[in-house]
Amino acid sequence: MKIVFMGTPDFAVPVLKRLMTEHEVVCVYTRAPKPAGRGKMLLKSPVHELAEQNGIEVRTPKTLRDANEQAAFKALNADISVVAAYGLILPREIIEAFELGCINVHASLLPRWRGAAPIERAIEAGDTQSGISIMQVVEALDAGAVYKKVIVPITSATTGGILHDQLATAGADILSEVLAHFNEIKPTAQDESLVTYATKLSKEEARLNFNQPAEVLERKIRAFNPFPAAYFEYNGERFKVLSAEVVKEQGKIGQILKADKELVICCAQEALRILEIQRQGKKPMPVAELLRGFRFEDGAVLK
RNA sequence: CGCGGGGUAGAGCAGCCCGGUAGCUCGUCAGGCUCAUAACCUGGAGGUCGUUGGUUCAAAUCCUUCCCCCGCAA
C-alpha cells in the first residue's frame, strides 16, 4: 500500500521501520526539530532521522489546520495514513484525506488509557496487563473503533522503559497484520463506559511523596523508569530512584531507617528499600555502590 | 554560546576555596582469631589524581586547551 506515516518519538521508530519494508511509505510527517539536549541544539525527532536516512520525504508542519497543508497532504494520494505518537491533533480533512482513512497504533488496551502516557499510567495504576490497540483515527482523542488488540503482560519487573520497547515492537507486528488483512478486519467500537485517560507525566509528580504507601511509590518508580525517573531530595541534591522494593519497616514518614549497607526509607505504609539510585551528576548505580562512598545521615527525614 | 555538577587504586567517594608526604568505605591478596559468619584483627599489593600548556621552589589543588560522563531545562 501507499502509506503516509505520521510519528515522532522512539516509540514510532520500529513501526516506521516495519512499514518501510512491507509497504511504500511516500512521505513522513513528524514534529519539527526543536531545541533539546545540553547546549539546546536543534534536534530532529527519531522518526525524522530514520526517514531521512532512508530517503523518504519528511514534512514538519506546525499545524495541520492550514488549508494549504491539508491540500499538500491529500496530494500525496496515498491509500492510507498511519499514526504512531505523532503529537499533533488531526483535523477531519487529514483523517479522511485517503480512501482507507487513518489508523493509529496506540500503546494501551483501549478503551483503557486513552491519551498521552498510556504505558506509564498502566504500570503506575498496578494494571496486570497492557497492550497495543490498532484503531481508526477519529476527531475525538483515541476514541476510534478498534481493529485489533494484543495483550502484553505487566509483571513486578516491568519498567516503563521495558514496556515501552515491548509495545513498540508489538505495535509494529500488529500493525503489519492489520494492514495485511485490512479488508477482512472489521473494527469494533470502544465501550465508552470503560474509558480511562492517561494524562501527561509531570515533573512534579515524579517527586516521591513518602506520605503515600510504599507499594504505590514502588509502582511509580517502576513506571517512571527511565523517564522521567522518580526522585527525592537530600541536602538540596536530587537522587533519582530507578528501582526499589517494599519492605516491612516502621518509623516516621520520610525517615531514613537504614543507610549503611542498604538504604531504607519509611513511607505511609511500610517502607521502601532503594535498589538502584542515581545521584545528581552521576550515573545510575546499585545503592550499595553509592553507600561505599556517600553517607546519608542515619535517621534523617526526607520531605 | 540555555543553567549546572563531575572525571583521584577494581567499585563508590573525600581532599581542591586556604598549593607542601595520596586518604576513606568496600573489594582483592596474605596471615591470624573463632564451633561459626558478607564477623573481627594484622599486614600487603594496587594511582602518570581525564588530557594539553602555563604560574610556582613546590600543583590533585591556581590559570589554560581538548576529550568524555551526568543533573536541570526542553
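Being a predicted model, the structure only gives us computed values, none of them experimental. (Residues numbered from 1 in each chain as written. Chains lettered and ligands numbered in written order. Predicted model: local features only at pLDDT ≥ 70, side-chain atom pairs only at ≥ 80, totals over all residues. Heavy atoms only, no water.)

### Considerations on the pairing of strand 9 (residues 129-136)
For clarity, the cut-off: Three labels apply to residues, based on accessible area from a 1.4 Å probe with only protein chains included: buried if under 20% of the type maximum, exposed if over 50%, partly exposed otherwise in between. Under the scheme used here, helices are H or I runs from DSSP no shorter than 4 residues and strands are E runs no shorter than 2 residues, and both carry numbers assigned from the N terminus. At least two DSSP bridges between two strands are needed for those strands to be called paired.
The buried count for strand 9 comes to six of eight residues, which makes it a mostly enclosed element. Both strand 7 (residues 102-106) and strand 9 contribute to a ladder of four bridges, which runs antiparallel. Bridge assignment links Ile-103 to a residue of strand 9, and that residue is Gln-136.

### Observations concerning unusual backbone geometry
For residues other than glycine, phi is negative in most cases, and the peptide bonds are mostly trans. Note that the residue after Asn-225, namely Pro-226, is joined by a cis bond; omega there is 5 degrees. Within the secondary structure layout, Pro-226 lies in the loop between helix 8 (214-223) and strand 12 (230-234).

### Looking at the side chain of Asn-225
Note the following rule: In what follows, residue pairs with any heavy atoms lying within 4.5 Å of each other are defined as contacts.
Its location among the elements puts Asn-225 in the loop between helix 8 and strand 12. Those residues in contact with Asn-225 that sit more than four places away from it in its chain are Thr-159, Gly-160, Gly-161 and Leu-242.

### Digging into the domain arrangement of chain A
Where we set the bar: An automatic or database domain assignment supplies the start and end points of every domain. The term buried area denotes the loss of accessible surface (1.4 Å probe radius) that occurs when two parts are joined, taken as the sum for both partners. Here, a salt bridge means any side-chain nitrogen of Lys or Arg that lies within 4 Å of a carboxyl oxygen of Asp or Glu. As used in this structure description, the phrase polar contact means that two N or O atoms lie within 3.5 Å; if the pair is within protein, one of them must be able to donate a hydrogen and the other to accept it, and residues adjacent in sequence are counted only when both atoms belong to side chains.
For chain A, the assigned domains are domain 1 (2-198) and domain 2 (204-291). If you look at the interface, domain 1 gives 13 residues, while domain 2 gives 10 residues. Buried surface at the junction of domain 1 and domain 2, both sides included, amounts to about 820 Å², of which 49% is carbon and sulfur. Linking domain 1 with domain 2 are one salt bridge. Here domain 1 is connected to domain 2 by eight residue pairs in polar contact (both at pLDDT 80 or more). Mapped onto the side of domain 1 that touches domain 2, the elements with two or more residues apiece are helix 5 (118-124) and helix 6 (160-180).

### Structural notes on the protein's contact with RNA strand B
Quick reminder of the rule: Near residues are defined by distance, with any heavy atom within 4 Å of the molecule or strand qualifying the residue.
If you check the shell around RNA strand B, you find 22 residues, and the closest are Lys-203, Lys-283, Glu-289, Arg-292 and Gly-293. Among the atoms of RNA strand B close to the protein, meaning within 4 Å, 62% are from sugar or phosphate groups. In the environment of RNA strand B, a phosphate oxygen lies 2.9 Å from a nitrogen or oxygen atom belonging to the backbone of Gly-39. Within the side chain of Lys-203, an N or O atom sits 3.4 Å from a phosphate oxygen of RNA strand B. Looking at the surface near RNA strand B, the elements that each hand over two or more residues are strand 3 (34-36), strand 13 (237-247), strand 16 (271-279) and helix 9 (287-293).

### Regarding the packing of aromatic side chains
We count it as follows: For Phe, Tyr and Trp, rings pair up if their centres lie within 6.5 Å, where Trp contributes its six-membered ring, and each pair is then called stacked (planes under 30 degrees apart), edge-to-face (over 60) or tilted (otherwise).
In the structure shown here, the tally under the stated rule is 12 aromatic pairs. Here Phe-210 and Phe-232 contribute two aromatic rings whose centre-to-centre distance is 6.5 Å and whose plane-to-plane angle is 55 degrees, an arrangement assigned as tilted. Highlighted residues: Phe-210 in the loop between helix 7 (203-206) and helix 8 and Phe-232 in strand 12, separated in sequence by 22 residues. A centroid spacing of 4.9 Å and a plane angle of 65 degrees characterise the contact between Tyr-234 and Phe-296, whose relative ring orientation is edge-to-face.

### What to know about helix 8
Since one α-helical turn is 3.6 residues long, residues separated by three or four positions face the same way. Counting buried positions along helix 8 yields eight of 10 residues, so the element is predominantly enclosed. When helix 8 is considered as a whole, its buried residues turn out to be Ala-214, Leu-217, Glu-218, Arg-219, Lys-220, Ile-221, Arg-222 and Ala-223. Among the structural elements, helix 5, helix 6, helix 7, strand 12, strand 13 and strand 16 are those in contact with the buried residues of helix 8.

### As for the environment of Leu-208
Secondary-structure assignment places Leu-208 in the loop between helix 7 and helix 8. Judged by relative accessible area, Leu-208 falls into the buried class, the value being 2%. Sequence spacing of Leu-208 and Glu-218 is 10 residues, and the spatial spacing of their C-alpha atoms is 9.7 Å. Not counting chain neighbours up to four residues away, the residues in contact with Leu-208 comprise Leu-217, Ile-221, Ala-230, Tyr-231, Phe-232, Val-241 and Lys-303.

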